[in-house]
Amino acid sequence: MKRLAGLLCATLAAQQQQQPEAPTGSAEFGYRAVAGPAGSSDAYRSVVNLGEGPKLFHLDFNAPRPKGKLFDRFSLRADSWGGEPYNTTNFEMGRAAWYRLTASYRNLAQYNRLPSFALGQQALDLRRRDADVELEFKPRAIISPFVAWSTSSGVGSGLTHFVLTANEYPVAGRLDDRTDMFRGGIRLNTRRAHATIEQGGLRFRQTDSWKQTGPNPGNVTTPYFGEPLRLDSLDLRYRIRGTGYYSKLVASLNPARWLDVSGSYLYSRPSNDVDYNDLAGGRLVATQNGAFSSTSRLPHSSGWLSAEMRPHERVRIVESWLTDRLNNSFDPLRWNWSRQQLEGFVDVAKGLTLRGGHRYEWADASARVPKLGGPAATSLRRQVGLAGARFQTGLGLVVNADLEIGRSSNAFFRTSTRDYLRLRGQARMQPLKTLTLTGNWSVFDNSNPSPLGQFDWLSRSTGATASWLPKGGNRFSLWGSYTRASVSSSIPYLIPQSFARARSLYNERSHTVTAMAEFGGKRLRLGAGGSAFTADGTRPTRFYEPVGRVVATLSPRLSAKTEWRYHGFAEPGFLYDSRLRPEGFRAHLWVMALIASLK
Amino acid sequence: MRASALLWISLTAALAADVPKADVEICQACHEEVAKAFPAKRHSQQNCARCHTGFEKHQESAEAKDITNPLGLKPKAAEDVCLACHRNDRTQQGHIQSGHARGQTSCLACHSVHHDDQVKRAAPDINRQCAACHTVAWAEFQKPHRHPVTQGAMSCVNCHNPHGQPLSRVAKVQFNDTGCLSCHGDKRGPFAFEHAPVRLEGCASCHEPHGSTNPRMLTRPEVRQQCLECHSGANPVRDTLGGAPPAFHDLRSARYRNCTVCHTKIHGSHVSRALLR
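Residues numbered from 1 in each chain as written. Chains lettered and ligands numbered in written order. Predicted model: local features only at pLDDT ≥ 70, side-chain atom pairs only at ≥ 80, totals over all residues. Heavy atoms only, no water.

**Points about the interface of chain B and chain A**
By a widely used convention, the size of an interface equals the accessible area lost when the partners come together. At the interface, 129 residues of chain B touch 189 residues of chain A. Carbon and sulfur atoms supply 56% of the area buried between chain B and chain A, which totals about 13,300 Å² over both sides. With its nearest N and O atoms 3.0 Å apart, the salt bridge here joins R146(B) to E545(A). Between chain B and chain A we count 46 residue pairs in polar contact (both at pLDDT 80 or more) in total. (Contact = heavy atoms within 4.5 Å. Buried area = accessible area lost by both parts, 1.4 Å probe. Salt bridge = Lys/Arg side-chain N within 4 Å of Asp/Glu carboxyl O. Polar contact = N/O pair within 3.5 Å; in protein donor to acceptor, adjacent residues only side chain to side chain.)

Here it is, written out as structure tokens:
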């Protein structure tokens, strides 16, 4: 009888489910006003870069089960359009078992001009546009081919230095680079195996041009043998044309219930052809008229192979091997690196899993180094011990800990990881269905000896997150996190002009708080929160971004939003070039927006 | 009475002739909310018993203890429920040695199988989910010089593969994959004159990829520190690359404390051995 009643209810429910679902979507559009920035506008643009004007803040449209035979899934999402520094769009459509089309577009402003960097004489004002389109045929079939195209371009203006004997001259120029990558292949999908064979190629072009008309005294105003140096004209062109291709094979196999194997091989061979010309005039040490061309290639192969064996329901053994090799044909840079790792996992008791293992890395590298610059070739051998544990109690508390201790024969560079200890832990608890607490901590301690003195690096961090959603967050929700972190670095070096020993010291002690609380009902909802970052040490920093908002429901499909944001940045007491370089800013941003939804 | 009831059921059954013979229809009778929450064309096409073993016994007894709930299993066991179908998906290629697998973070920690948004697509949703556990990484994105993750322009999965990648914790750049270079293609090279640490140790040898208190997301507040820590001026030890001959730059001058004022092509140059152009 119970089964018959169930079938009856299920029948009615199934009939209801077969009706196409209504599309959903929303749009948020409005206006942003900016009061400020007070302080450095270049720093504001480098860090925040939000401007004034009408904006489409958000748009999304989903058709979960539309009528028609061309597609049975359609979704579109767009964020931050209307002169915003970051525009994104994502699109997906498809028909199950026939095709799946995904596309994404991103337009990011890359503005950077800070008084404290490179004497304030280097700047970027670019727009980076990235797009990716992939079309997969018969995604659920055993064999599914795919094709894809992606592009990334950066266009804009910049400021850099033109370097000549005894002086360097800040000059403005135009930057333009673009990379197009085409790829295609097939995917083999079975219950026990998967493989992807992919072939791709890229086309790269970069054209930078720097011009100077009019006198430019450069950074050195001291006369050179009684004559002041000056750049009166410059025409510099940097033209790079590159191509490349790659072949990729990825495969995974489940040949037995107790064994999984997966691996990948990737070979790429990019190359660049370069033409460079510069013609400079003025009061210079020597006539400058340069023309260079070069061709470089970088065959690069990498691969990995890993296996997971489960000889017992409580035991897992994971073995992996990785390798990476490259060779620059022009610059004699060569790199052969390999890593082998063996790790075991044992469920020793209910809720307790221990793991332990060993990793071995070996590598050889050679580079072109100037005379008196040091060895051209060196090798590395590293032994790493691994250990970890996971503990779970019946109260929903989960604790995870991970330890790594490495010892190396040497290091490639003075600041490389060499003899280190890495310890991480995380705890997660859900005392209530609506309350989740997470805590984590980490320590990384590295030392790298050298005859001048040892490089010591120590970083520590402790953080906690809380998320509370009583009654599903309909009336009140709270999300917050706090992190305390510290970094300490010390390494000796020789002062170039005197060869006296000195120490490069870097310290940072920071606190970060982020939070967002929302409360209200169906008619009115209030929100407040934001982030606050403070750091003391070598570069004291204060960065505050509080936010407050009110959302009022005007009708079932229309809401109004008012939002206030503050961005405040300061570096109290930070002396750069022996004098204060004010980079701070303050700005208040107001947004008035309407939110319209389909349902 | 019984005859009319049987007729009613027969008619209903006739109307439901298109309903597939799967257990989900029976489960809906008691678990209507879960069945309604199933997204169209995704797991709703599957048999509930595929993930919830012990279905037949539960169907008779209607007791929760008689059926498997993956949420109540050990992480590895819960993962195996998903991987029974998804083990060889293209998204799981690096799963075996991934950080999440080593830390026994199961699929259910991020994915909710029953709900419509089981795979989050929007950047803010992805970031909020990762930040719930990766508190320290989230804090790094609150620093002033950062990738635009908190602004919603990028998400964690733009650089990291949460299902696994060969080198866990590290973005893909050093391993012959695009990584940082998918946006910063002008740094791809190859260059006629390489800057060795860029190629051998990756972008993280000088930059903090999440966020930094230092301009250009560098790991040091002044460029001279960044450079002189490797180019120490000492006749280097036999076993390290990265030395350079003394340049006799007078650090008392601001020009020489900003190395990139002259060494403008610090990522590699096609023209100048000293990376001047």
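**Here's the deal with the state of the cysteines**
Residue and element names in this part refer to chain B. For the coordinates displayed, the defined rule picks out zero disulfides over all chains. The thiol sulfur of C262 is not disulfide-bonded, and the nearest other cysteine sulfur, from C259, lies at 9.2 Å. Given a relative accessible area of 17%, C262 falls into the buried group. (Disulfide = S-S within 2.5 Å. Buried < 20%, exposed > 50% of the residue type's maximum accessible area, 1.4 Å probe, protein only.)

**Describing helix α7 (residues 123–131) of chain B**
Within α7(B) the residues assigned to the buried category are A123(B), I126(B), N127(B) and A131(B). Summarising the axial view, the buried residues of α7(B) lie within an arc of 130°, below the 170-degree limit, and thus occupy one face. (Helix = DSSP H or I, 4+ residues; strand = E, 2+ residues; numbered from the N terminus. Arc of directions from axis to C-beta.)

**Things to note about the confidence of the model for chain B**
All names here are of chain B. Confidence along chain B averages 78 in pLDDT terms, with 76% of residues attaining 70 or more. This model gives residues 1–22 a pLDDT under 50, and the stretch forms 10 contacts once residues within four places in sequence are excluded. When the criterion is pLDDT under 50, residues 168–174 qualifies, and its contacts beyond four places in sequence or with other chains add up to 25 contacts. If you check the scores for this complex, the pTM reads 0.89 and the ipTM reads 0.91. (pLDDT = per-residue confidence, 0-100.)

**As for unusual backbone geometry**
Residue and element names in this part refer to chain A. For the bond running from G36 to P37, omega is 5°, close enough to zero to count as cis. Note that P37 resides in strand β1 (residues 24–39). The phi dihedral of K471 falls on the positive side, at around 50°, and the residue is not glycine. Following the sequence through the fold, K471 ends up in the loop between β21 (455–468) and β22 (476–494). Residue K471 is classed as exposed on the basis of its relative accessible area of 75%.

**Focus on the environment of Q93(B)**
Its location among the elements puts Q93(B) in the loop between α5 (75–86) and α6 (99–102). Taking the C-alpha atoms as reference, Q93(B) lies 32 Å from K36(B); in sequence the two are 57 residues apart.

**Let's talk about the packing of aromatic side chains**
Taken as a whole, this structure holds 15 aromatic pairs over all chains when the rule is applied. Ring plane angle 70° and centroid distance 6.0 Å describe the contact between F61(A) and F74(A), whose orientation is recorded as edge-to-face. One end of the pair, F61(A), is in strand β2 (residues 53–63); the other, F74(A), is in strand β3 (residues 73–81), and 13 residues separate them in sequence. The exposure class assigned to F74(A) is buried, which follows from its relative accessible area of 19%. Members of the aromatic cluster, connected to one another through ring pairs, are Y44(A), F543(A), F569(A) and F585(A). It is R187(A) that lies over the ring of F146(A); its NZ or CZ is 3.9 Å from the centre. Over the face of the ring belonging to Y256(B) we find R255(B), whose NZ or CZ atom lies 5.0 Å from the ring centre. (Phe/Tyr/Trp six-rings, centres within 6.5 Å; stacked < 30°, edge-to-face > 60°. Lys NZ or Arg CZ within 6 Å of the ring centre and 35° of its normal.)

**Focus on the side chain of E583(A)**
Residues and elements named next belong to chain A. Its place among the elements puts E583 in the loop between β28 (579–580) and β29 (585–597). We classify E583 as buried; its relative accessible area is 2%. Side-chain polar atoms of E583 contact the side chain of R539, separated by 3.3 Å.

**A few points about the environment of P54(A)**
Residues and elements named next belong to chain A. Looking at the secondary structure, you find P54 in strand β2. Look at P54 and you get exposed, because its relative accessible area is 59%. In the structure, P54 is positioned 152 residues away from Q206 in sequence and 34 Å away in space, judged by C-alpha atoms.

**Side note on the pairing of strand β7 (residues 143–164) of chain A**
All names here are of chain A. Pairing between strand β6 (residues 123–137) and β7: 14 bridges, direction antiparallel. Bridging across to β7, R127 finds its partner in V155. Joining the antiparallel neighbours β6 and β7 is a turn of five residues, in which K138 adopts a positive phi near 45°. Two strands pair when backbone bridges link them, and β7 and strand β8 (residues 167–189) are joined in this way by 22 bridges, in the antiparallel orientation. Across the sheet, S150 pairs through a bridge with M181, a residue of β8. Taken together, β7 and the strand that follows it, β8, pair antiparallel across an intervening segment of two residues, in which A166 is found at a positive phi of about 75°. (Pairing = 2+ DSSP bridges.)

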